[in-house]
Every structure is written in C-alpha cells, then in structure tokens.
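Examining the three-dimensional arrangement
Residue-level listing of the chains:
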Amino acid sequence: MTVVCLASYFKGNEFLRQLRVRGCRVVLVIKEKLRDEEWARDSIDEVLTVPNGANADVFVEVVSEFARHNRVDRIVALEEYDVMHAAMIREHLRIPGMGTTTARLFRDKLAMRVKAFEAGIRVPDFVHVLNYDEIRGYMASVPAPWVLKPRSDVSAVGIQKLHDAELVWRAIDALDARPVVTERSTHYLLERFVPGDVFHVDSLVENGDVVFAGVNRYWRPPMEVAHQGGVFLTNTVRRGSDEERQLLEMNRALLKTLGFVRGATHAEFIRSADGEFHFLEVAGRVGGAYITDSLEAATGVNVWREWANLEIGRGEVPYDLPPQRADYAGVVLALARQEWPDTSAYTEPEIVHRPSKRHHVALIVASHDYDRVQHLLGEYARRFEDDFLAVLPPMDRTPQ
C-alpha cells in the first residue's frame, strides 16, 4: 500500500514510522523549507517537494505526476493547512477519503459554526463579515466585546478582540486594504467574546464512531497565551466528572453532525459563566503543543500511531484500540530565551517526557493522582517564568 502524506509543517514522524511498521510504502510531500528537518527518513521511501508558497493546484500537480508511474492508495494531511489540499488531491485522483465538502467543515470556522448551529449545538453568537447591514444588526443586538477571527487560520493567529463598533469598522477597512484577496474581511467572522475555561477533546474516529477521546482543560485560553505570551498548560480533566461526560457527548454529536468518518480530530469548547459549554472550533488533525504526548502518558494510546492504523485498515480490517489506562497527565510549555533550554534541575519522577525544540521548553508529567499533576504544572509554570520564558509579539497571519 502506498500512502502519500502532506506536511506543510514539521510533524507526524510517529505516523510515518507506524506506516513503515505496517509495511506501507511512504511518500512525503513537503515544502522546500522543511528539507532539512529531522524527518523519520528511515521510514520514508520518497520525498516530493513543492515551493514554500505553493497553492493547492501545485500540490495536486506534484502528486499527480508521481501517480503517473505509481499507484497511490491513501492521501493523508499531517497538518491542518494540508486538509483541503489532501481532499482536492483525493477528488482529482478519485482516491477514497474525505472530500472537499466535508474537509471545508474542518478548515472554515464559519462553515463549521453554521453547521453546528443548525444542528442545535451551542456556539457563541456570530456573523459573517460580509453584508454591512447584517454586521450592523449583529453589533446592535449582541453586546461587545467581539472577536474578529480569520475563517481558515490556525490556533489564535490573526484574531482581534474589539470593544466597540468603530473598532470593528476600522478593522474591516484595514483587512480590505490587504493586497492578498484571501486575507480580506469576507474571509473573517465576528463572534461574541465568551470569557471562561477552554477545553479540548482529542479523538480517534472509525466509520463515524468515536473510538477514543481524551478531555483536557487549558489553564489559560490559547488566544490569551498567543496575544499576551506566557506559559501554556493543559491537563486531563477529572475522570468521571460531569464536565468530562458533557464534553464527550458534545464532541460525539459535533463529529457526527460534521460527517467525520475516519481519522484524528482536535475540538475546542468553552464553558461560559452560566456553566454551559459552547463549541469553538474543530480540526481534522492531531492536536499540537505536545498534546499527543500528554494523551499517551495518561492513557497509553499514541494518537499518531493509531491514526496510521485507521488509515491503513480503512474499515476493511476490524480495528482494535490498544488497552487504555486512566491516569492523569499534562503539558507545560513556553518559548525560551535559551536556544536549547536545560531542564535537568527539574527532577520529579512524574516527568515522563522532555521534548527538545529550539527556543522552546516543555515537560510532560503524569500520575495516577489528579491533584499531583495539578500541583506540578502550577509549580513548573512559575519556575518556567523565571528560568526560561521569552515573549514575542503575536502573529497576525501565518508565515508560508
């Protein structure tokens, strides 16, 4: 079986290695800037490159040229920016898998909100930044502050929090002055700002059913970390808690509504002051920021490897999830002043992984005890601020 994997950013080595373990021929399609990254080269049969600014048509053409002399069985997007590219290649080559209609629901924040709202899933009040009368009516009926969000960017890139109508109109004018058409205001939505705790549910799905899911809570909303800097933390919620039960059910309903059939997803929800959960966004990919390492530390399930198994089987071979643990784990992560931060002074036995990445510092901790994980994460966050923390200005768009 030949599996073509798209990666516009460096990630997914565990996926590539599992494909090789299962006997697949592995082809990796990357941008030129990623040539020298530490890919799992012993698991890759061929690397195809595209220019750094390549659009979807270039990806389609490169894979099509490869397919002239090679059978292609699967197309996989390892990164969120490649979800639509992969869908377009599948449709062009007529390869089974998620097509563009469904893929758009996992890339376009407006599309996913409309679909969820129509299915009765709670979302913050929103409006497409398109019709001026509708925007005026929205701001007259929904109290400020509002959040101006790009429909197709990732994380908190490009998000603005606005406190009055005049600022909204100024922001729209500034967007419409951009030379790139896809960065202008019609590619944005305006949403009610909902203060509260943000949670994420990371899932594996097979034949439309969620076969694995982990519920975690961010200590600070990702938008706040992205805009203000500081330490990023997330950890497993209490097993059997009401919040875990509600989020697992909401996540299942969401993925069923959006028609997700197979693969990995990362969904985010916020709990408002009245205790109600609202859907924020979902991606058809593995969660970033070492969330997969934390999930594995808590459950024993490696989401990258199991996703590879799902893609290979594709419903034709019965899938059995590995045995799971019900421990607790968490991530503490920050930008670092040092090029290669030294965490050797952090010696607690609950540290199960010390990721290494230039100008980043991170620790993964795990324990049978929820309170112990909470304590360690809080302590490490304070120490990270003194020992390592660096802060950079927020990005208003993702570099290509």
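The structure we're discussing is the one just above.
Below is a summary of the structure that appears in this document. (Residues numbered from 1 in each chain as written. Predicted model: local features only at pLDDT ≥ 70, side-chain atom pairs only at ≥ 80, totals over all residues. Heavy atoms only, no water.)

1. A closer look at the environment of Ala140
Mapped onto the elements of the fold, Ala140 is located in helix α6 (residues 132-141). Owing to a relative accessible area of 71%, Ala140 belongs among the exposed residues under this scheme. For the pair Ala140 and Ala165, spaced 25 residues apart in the sequence, the C-alpha separation amounts to 8.9 Å. (Helix = DSSP H or I, 4+ residues; strand = E, 2+ residues; numbered from the N terminus. Buried < 20%, exposed > 50% of the residue type's maximum accessible area, 1.4 Å probe, protein only.)

2. Side note on the nonpolar core
Side chains of a nonpolar character, in soluble globular proteins, are inclined to be buried together. Counting 44 residues, the largest nonpolar core has Cys5, Phe15, Leu19, Leu28, Leu78, Leu204 and Trp307 as the members making the most contacts within it. Per-element accounting of this core gives the leading share, six residues, to helix α11 (residues 303-313). In this structure Leu78 touches Cys5, Leu6, Ala7, Lys11, Gly12, Phe15, Leu16, Leu28, Trp304 and Trp307, once residues within four positions along its chain are discounted. Ranked by size, the runner-up nonpolar core spans 26 residues in total, among them Ile121, Val123, Phe199 and Val237. (Core = buried A, V, L, I, M, F, W, Y, C linked by side-chain atoms within 4.5 Å. Contact = heavy atoms within 4.5 Å.)

3. Concerning the packing of aromatic side chains
In the structure shown here, the tally under the stated rule is 16 aromatic pairs. Ring geometry for Phe15 versus Trp304: centroids 6.5 Å apart, planes at 80°, classification edge-to-face. Here Trp304 lies in helix α11 and Phe15 lies in helix α1 (residues 13-21), a separation of 289 residues in the sequence. Looking at Phe15, the relative accessible area reads 0%, which means it is buried. Measuring from ring centre to ring centre gives 5.7 Å for Trp304 and Trp307, while their planes differ by 25°; the resulting arrangement is stacked. Placement of the pair is Trp304 and Trp307 together in helix α11, with a separation of three residues, close to one helical turn. Positioned above the aromatic ring of Tyr9, the side-chain terminus of Lys33 is 5.0 Å from the ring centre. (Phe/Tyr/Trp six-rings, centres within 6.5 Å; stacked < 30°, edge-to-face > 60°. Lys NZ or Arg CZ within 6 Å of the ring centre and 35° of its normal.)

4. Side note on the packing of α6 against helix α7 (residues 165-176)
Orientation of α6 relative to α7, taken along the N-to-C sense of each, is 150°, at an axis distance of 11 Å. As judged from the angle between their axes, α6 and α7 are roughly antiparallel. Remark: the crossing between α6 and α7 carries right-handed chirality. Between α6, through Tyr132, Ile135, Arg136 and Met139, and α7, the contact on the second element is made entirely by Ala165, Val168, Trp169, Ile172 and Asp176. (Axes fitted to C-alpha atoms, helices over the stretch in contact; angles between N-to-C directions. Parallel < 35°, antiparallel > 145°, perpendicular 65-115°, else oblique. Left-handed = near helix turned anticlockwise from the far one by under 90°.)

5. A word on the pairing of strand β9 (residues 197-206)
Of all 10 residues making up β9, nine are buried, and the element is well covered by its neighbours. Both β9 and strand β12 (residues 263-271) contribute to a ladder of nine bridges, which runs antiparallel. Bridge pairing in β12 links Ser203 to Thr265. Pairing of β9 with strand β10 (residues 209-218), which is carried by eight bridges, proceeds in the antiparallel orientation. Across the sheet, residue Ser203 finds its bridge partner in β10, namely Ala213. Hairpin connection of β9 to β10: two residues between the antiparallel strands, including Asn207 at a positive phi of 55°. (Pairing = 2+ DSSP bridges.)

6. Observations concerning the sheet that holds strand β8 (residues 188-192)
A sheet is described by the order of its strands in space; here four strands give the open sequence β5-β8-β6-β7, paired in antiparallel fashion. Two strands in the sheet have a free side with no partner beyond their single neighbour: β5 (126-128) and β7 (160-162). Taken pair by pair, the neighbouring strands of this sheet meet at an average axis angle of 25°, ignoring direction. Where β5 and β8 come together, three bridges link them in antiparallel fashion. Bridging from a neighbouring strand, Phe126 pairs with Glu191 of β8. On top of the sheet, helix α5 (residues 109-118) reaches β5, β6 (146-150) and β8; it is set at about 130° to β5, its chief contact.

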